[in-house]
Every structure is written in C-alpha cells, then in structure tokens.
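Analysis of the macromolecular model
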Amino acid sequence: MMTNPKNAKNTNKQKKALVSIVMGSQSDYETLKHSEQIMIDFSIPYEIQVVSAHRTPTLMYKFAQEAMKRGLKVIIAGAGGSAHLPGMISSLTTIPVLGVPVESKGLKGLDSLLSIVQMPAGIPTACFAIGKAGAINAGLFALEILSLQDKLLAKRIEAYRCQNSKKAQDGNKVVQTRLREKQK
Ligand code: C2R
C-alpha cells in the first residue's frame, strides 16, 4: 500500500539534526526551501542557516570543521553566482556535501552550476540541477544516503516514487483524452 510521506511517522525520534542545509545568502532561501520541505515531509531532523564562504568565512570554517562532531550525516549547500560554498565546505569535512546551484540574475545559474561542478580531483562535491529541481533532488538524495542505515526510510522513499509515477500516468491519461477529442 502506498503511504503519503507527509503522514508517515517520524522514523527517527532523535532531535539532533542529521541534515544541515546551508546557503550563501538569505536570498537563496526561495530555492533551498524546497530541500527543507523534503526534510519536513519525511520528518528528518534538520537545521537550516545562512553561511557564506565569501561573506562569513570564519563561520563557514567553524561550521564545516564541527559538522562531523555534531553528528551531521549530510550537508546540502546552495549558492549562486561565484558559488564557492559547497566546495569550500567539502574541503573541510568528509561528510557528503550536496551542492545546489542557485539561479543567478546575470547568468541564470550557469555560473553557479559551473562553480560547483568543476571541483578538482580529490575533493568530491555532488552537484544537482539549477534551482528548484536541484534543491528537491538534493533533499531526496540526502534521504537516500540516510536510508542506507534506515530500512523504513528506504520504503518511504519508494512510496514517494510510486506517487510520482502515478502522477505521471494520470498526466498521460489527460493528454490521451485531449488527443482523442482533437481526433474526433
Ligand atoms: P545576495 O542576494 O545576498 O546579494 O547574494 C549567494 O548564494 C547568492 O546567490 C547573491 C548571491 O551570492 C551568493 N553567495 C555565494 C557565497 N556567498 C554568497 N555564492 C559563497 O560563499 O559561495
């Protein structure tokens, strides 16, 4: 039976954040709120804050160096333009860092994408799609990492995918009905 992830019980009673969502500026929240929503829907303990490699380098350094000790398992880092934040955090911790390129005004996020994706060998930093799709997928990918140690969470992710499949099939029914009407 399919379960709605929104109604699913919290599989993780602990309150300590497992996932940290960081962004270069408050203006990135419109994008990173989609990663946050995934954590809310799946009842994953998370934290979210503005940390910038450029504007608050000391804070970024402290955050990355203490991340492991604090029990974080995954970091989602979103930034736009000259997006150094995900790579810089990766260089300071071995916790997986999932980079989300935020759409920039000038170059529509291509700059952010290239800044995150072109890491030198040795400092792996995942890079997702620009904007909302990337933020959602980074959230889901974080869940998939956590689900390696949590079978119930893995089942809930499967249920979420079933729901997406059903939505796509329902969409196809609408398209096919329109087609039949046009062919009458
Ligand atoms: P403002 O809207 O505050 O001017 O920021 C942010 O991620 C944001 O998309 C504009 C853009 O600057 C980005 N920024 C970075 C970093 N810090 C801020 N790319 C960083 O450390 O990588």
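What counts as what
- The written sequence of each chain sets the order in which its residues are numbered from 1.
- For this predicted model, a pLDDT threshold of at least 70 governs which residues receive local features, and a threshold of 80 or more governs which side-chain atom pairs are given and counted, while totals over whole chains, interfaces and linings are taken from all residues.
- Going along the chain from the N terminus, every DSSP run of H or I of four or more residues is numbered as a helix, and every run of E of two or more is numbered as a strand.
- The burial criterion counts other C-beta atoms lying within 10 Å of a residue's C-beta, which is placed from the backbone; the residue is buried at 20 or more, exposed at 12 or fewer, and partly exposed between these limits.
- The contact rule is simple: place each C-beta atom from the backbone, and if two of them lie within 7 Å, those residues are in contact.
- Under the convention used throughout, the expected extent of a helix is 1.5 Å for every residue step, that is, one less than its residue count.
- Domain boundaries shown here were taken from an automatic or database domain assignment.
- Polarity classes work like this: nonpolar for Ala, Val, Leu, Ile, Met, Phe, Trp, Tyr, Cys and Pro, charged for Asp, Glu, Lys and Arg, and polar for all others, with Gly in that last group.
- Should the C-beta atom of a residue, placed from the backbone, lie within 6 Å of a molecule or strand, that residue is near it.
- One requirement defines pairing of two strands: DSSP has to find at least two bridges between them.
- Lines are fitted to the C-alpha atoms to define the axes, a helix being fitted only along its stretch in contact, and any angle between axes, read from their N-to-C directions, falls within 0 to 180 degrees.

1. Concerning the overall build of the chain
- Counting its regular elements, the chain contains six helices and five strands.
- Starting at the N terminus, the α and β elements of the chain follow one another as β-α-β-α-β-α-β-α-β-α-α.
- For the chain, the spread of C-alpha atoms along the principal axes amounts to about 65 × 45 × 30 Å.
- Expressed as a percentage of its 184 residues, the buried residues of the chain come to 36%.
- Nonlocal contacts in the chain, meaning residues at least 24 apart in sequence, comprise 71% of its contacts between residues at least 6 apart.

2. Re helix H5 (residues 132-147)
- Taking 1.5 Å per residue, 16 residues should reach 22 Å; H5 reaches 23 Å between its end C-alpha atoms and fits that length.
- Those residues of H5 that sit buried are Gly134, Ala135, Ala138, Gly139, Ala142, Leu143 and Leu146.
- Buried residues along H5 sit in contact with strand S1 (19-23), helix H1 (29-41), strand S3 (74-80), strand S4 (97-102) and helix H6 (151-183).

3. Considerations on the domain arrangement of the chain
- Each assigned domain of the chain is listed here: domain 1 (5-149) and domain 2 (155-184).
- Summarising the inter-unit geometry, the C-alpha centres of domain 1 and domain 2 are found 31 Å apart.
- By residue class, the composition of the side of domain 1 that touches domain 2 is four nonpolar, one polar and one charged.

4. Focus: the site of the ligand
- Around the ligand sit 16 residues, and of these Gly24, Ser25, Ser27, Ala53 and Gly80 come closest.
- By residue class, the composition of the shell around the ligand is five nonpolar, nine polar and two charged.

5. Some remarks on the sheet that holds strand S5 (residues 126-127)
- Strands sit in the order S2-S1-S3-S4-S5 across an open sheet of five strands; the sheet is parallel. Looking along the sheet, the strands with just one partner apiece sit at the ends: strand S2 (46-50) and S5.
- Looking at chain direction, S1 and S2 are connected through five bridges and run parallel. In the strand pairing of S2, Ile21 is matched with Ile48.
- Strands in contact with H1 are S1, S2, S3 and S4; relative to S1, the strand with the most contacts, it is inclined by about 175°.
- On top of the sheet, helix H4 (residues 110-117) reaches S3, S4 and S5; it is set at about 160° to S4, its chief contact.

6. Regarding unusual backbone geometry
- A positive phi angle, close to 50°, is found at Ser43, a residue other than glycine.
- Here Ser43 shows up in the loop between H1 and S2.
- Even without glycine at this site, Lys108 takes up a positive phi of about 60°.
- Positionally, Lys108 belongs in the loop between S4 and H4.

7. Section: the environment of Pro45
- Relative to the assigned elements, Pro45 resides in the loop between H1 and S2.
- Assessed through the 15 C-beta atoms surrounding it within 10 Å, Pro45 is described here as partly exposed.
- Considered as a pair, Pro45 and Lys16 are 29 residues apart in the sequence and their alpha carbons are 6.2 Å apart.

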